[in-house]
Every structure is written in structure tokens, then in C-alpha cells.
Amino acid sequence: MRKLFFLISSVVTGIATGLIATMFLLQFVMERTSIKNGAWQHNPYVGSDEANGYSRAAIALIGFLGMTREESIYFVARTDDEGHPLTGECTYRVEGSFAQNEARWWSITVYNTKNSKLIENEHDRYSFSGDTLPQHEDGSFAFRVSAAGNSGYWIPVQRDSDFDLTLRMYEPSPRAMHNPHEIRLPSITKEVCS
């Protein structure tokens with residue numbers, strides 16, 4: 001009986017160790033192949049035929065069913081501009097401008113970092129886009145992400161959750177497609193923490 005228990009526990013430990021090692025490897029691949037632009041990261045292999053097996057597995061792990069670069073490019077921010085993880089304990093101001101027409105249409109969506117799902121809230125508000133957020137004549141816009149109620153435009157999150165922001169740019173300009181590190185992306189500024 002002890003031998004059977006030892007055998008089963010060895011197999012379970014081996015599988016768990018393998019899964020954990022694979023997760024770290026895929027996360028390493030995503031970070032090594034991503035391009036940084038401020039707080040935002042872009043992986044050029046999402047939706048690309050150039051992605052190798054490791055990149056495809058890493059992309060599948062985070063849940064992207066990526067379109068081609070000509071159709072859409074994606075940026076993810078897990079930190080504010082100072083490099084601190086985004087958390088529901090703080091209020092953030094997301095501010096930017098797409099005056100240079102870097103994409104035909106864009107959206108910014110908030111996701112729970114742990115499960116990559118939308119964060120439920122009583123307002124059923126999860127994202128803003130060029131259609132739902134007023135922009136000034138110069139193309140600038142601003143909104144907040146916060147667990148505390150805010151006046152104006154804001155996306156509610158839960159106080160006890162960490163989150164990330166996903167920026168999708170549909171029909172991006174050639175410059176955005178080929179030089180994503182050069183375009184001006186929204187800033188993410190921490191305003192206050194509870």
C-alpha cells in the first residue's frame with residue numbers, strides 16, 4: 001500500500017512540477033517577445049504566422065484569439081506608468097490621444113488579472129472606445145478606473161482585485177503595425193489609494 005501511495009504521489013508531484021515549469025516558460029516567452037511602450041506591452045506574434053510553437057502556446061494561455069496585424073493589434077498594461085501593479089485599491093486616470101489616426105477604431109477593456117475575465121460591476125461597464133468616450137477636438141480623452149464611485153467617465157473594479165487593461169486597435173496605421181513602440185499610447189496615472 002505504501003508503494004502505491006508513493007507511486008501516485010510521485011506521479012502527481014511530477015505532473016504539477018511540469019505544469020508549473022511550463023507556465024513559467026510560457027510567461028518568459030511572452031515577456032521576451034513583447035515590445036514595451038510605456039506601461040503597455042505588445043506581442044507582435046499575436047495573430048501572426050511567424051509565431052513558433054512556444055509563442056502560440058503562450059498566446060493561447062492568455063486567451064487571445066488574435067486577428068492579423070492588418071486587422072488588429074493588442075496592447076496590455078498590468079502596471080501604471082511608474083511600474084506598480086494595477087489594483088482595485090487605487091484610482092487611476094487613463095488619458096491619451098489618438099489624434100494621429102493610428103487606428104480606425106480602438107477600445108480599452110478592464111480584465112481581472114487572475115482569470116482574464118471581465119470584472120463584474122453593477123453598472124455593467126467594462127470598457128470605453130472611440131465611440132463611447134467623448135474626445136476633444138485634438139482627439140484626447142480621459143477616464144478613471146476605480147473601485148470607488150467617480151463622477152464623469154469611469155470603469156468600476158472590485159477593491160480586492162488586481163486588473164489589467166487591454167487596448168485593441170482595429171485597422172491600425174502602418175506605423176502602429178510595424179513600429180508599435182513609437183506610437184503615443186494612453187498614460188496610466190495612479191491618483192489615490194485607499
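Scroll up for the structure.
Residues numbered from 1 in each chain as written. Predicted model: local features only at pLDDT ≥ 70, side-chain atom pairs only at ≥ 80, totals over all residues. Heavy atoms only, no water.

(A) A look at the state of the cysteines. Scanning the entire structure with this criterion turns up 1 disulfide. The disulfide that involves Cys-90 links it to Cys-193, with 1.9 Å between the sulfurs. Looking down the S-S bond of the Cys-90 and Cys-193 bridge, the torsion is 95 degrees, so its handedness is right-handed. Taken as a pair, Cys-90 in strand S4 (residues 90-97) and Cys-193 in strand S10 (residues 187-193) lie far apart in primary sequence, 103 residues in all. You can call Cys-90 buried: its relative accessible area is 7%. (Disulfide = S-S within 2.5 Å. Helix = DSSP H or I, 4+ residues; strand = E, 2+ residues; numbered from the N terminus. Buried < 20%, exposed > 50% of the residue type's maximum accessible area, 1.4 Å probe, protein only.)

(B) Just the side chain of Ser-146, in detail. Tracing the backbone shows Ser-146 in strand S7 (residues 140-146). At 2.8 Å, the side chain of Ser-146 and the side chain of Thr-91 are in polar contact. Here the side chain of Ser-146 touches Ala-148 through a polar contact of 3.0 Å, landing on its backbone nitrogen. Beyond its immediate stretch of four places on either side in the chain, Ser-146 contacts Cys-90, Thr-91, Trp-154, Ile-155, Pro-156 and Val-157. (Polar contact = N/O pair within 3.5 Å; in protein donor to acceptor, adjacent residues only side chain to side chain. Contact = heavy atoms within 4.5 Å.)

(C) Layout of the packing of aromatic side chains. Counted according to the given criterion, the structure contains 5 aromatic pairs. Arranged with centres 5.5 Å apart and planes meeting at 45 degrees, the rings of Trp-105 and Tyr-170 form a pair that is tilted. Placement of Trp-105 in strand S5 (residues 103-112) and of Tyr-170 in strand S9 (residues 163-172) is noted, with a sequence separation of 65 residues between them. Pairing Phe-128 with Phe-143 gives two aromatic rings, centres 5.0 Å apart and planes at 55 degrees, and the pair type is tilted. In this pair, Phe-128 is assigned in strand S6 (residues 127-129) and Phe-143 in strand S7, connecting sequence segments 15 residues apart. The pair formed by Phe-128 and Phe-143 is uniform in burial state, with each residue classed as buried. Among the aromatic side chains, those forming a connected cluster through ring pairs are Phe-128, Phe-143 and Tyr-153. Against the face of Trp-154 rests Arg-125, its NZ or CZ located 5.6 Å from the ring centre. (Phe/Tyr/Trp six-rings, centres within 6.5 Å; stacked < 30°, edge-to-face > 60°. Lys NZ or Arg CZ within 6 Å of the ring centre and 35° of its normal.)

(D) Structural detail: the sheet that holds strand S8 (residues 154-156). Overall, mixed pairing links the 4 strands, which are arranged S8-S7-S4-S10 in an open sheet. Sheet topology places S8 and S10 at the edges, where each strand pairs with a single neighbour. Between one strand and the next, the sheet's axes are offset by a mean angle of 20 degrees, whatever the strand orientation. Direction of pairing for S4 relative to S7: antiparallel, over a ladder of 6 bridges. When the bridges of S7 are listed, Glu-95 appears paired with Ala-142. (Pairing = 2+ DSSP bridges. Axes fitted to C-alpha atoms, helices over the stretch in contact; angles between N-to-C directions.)

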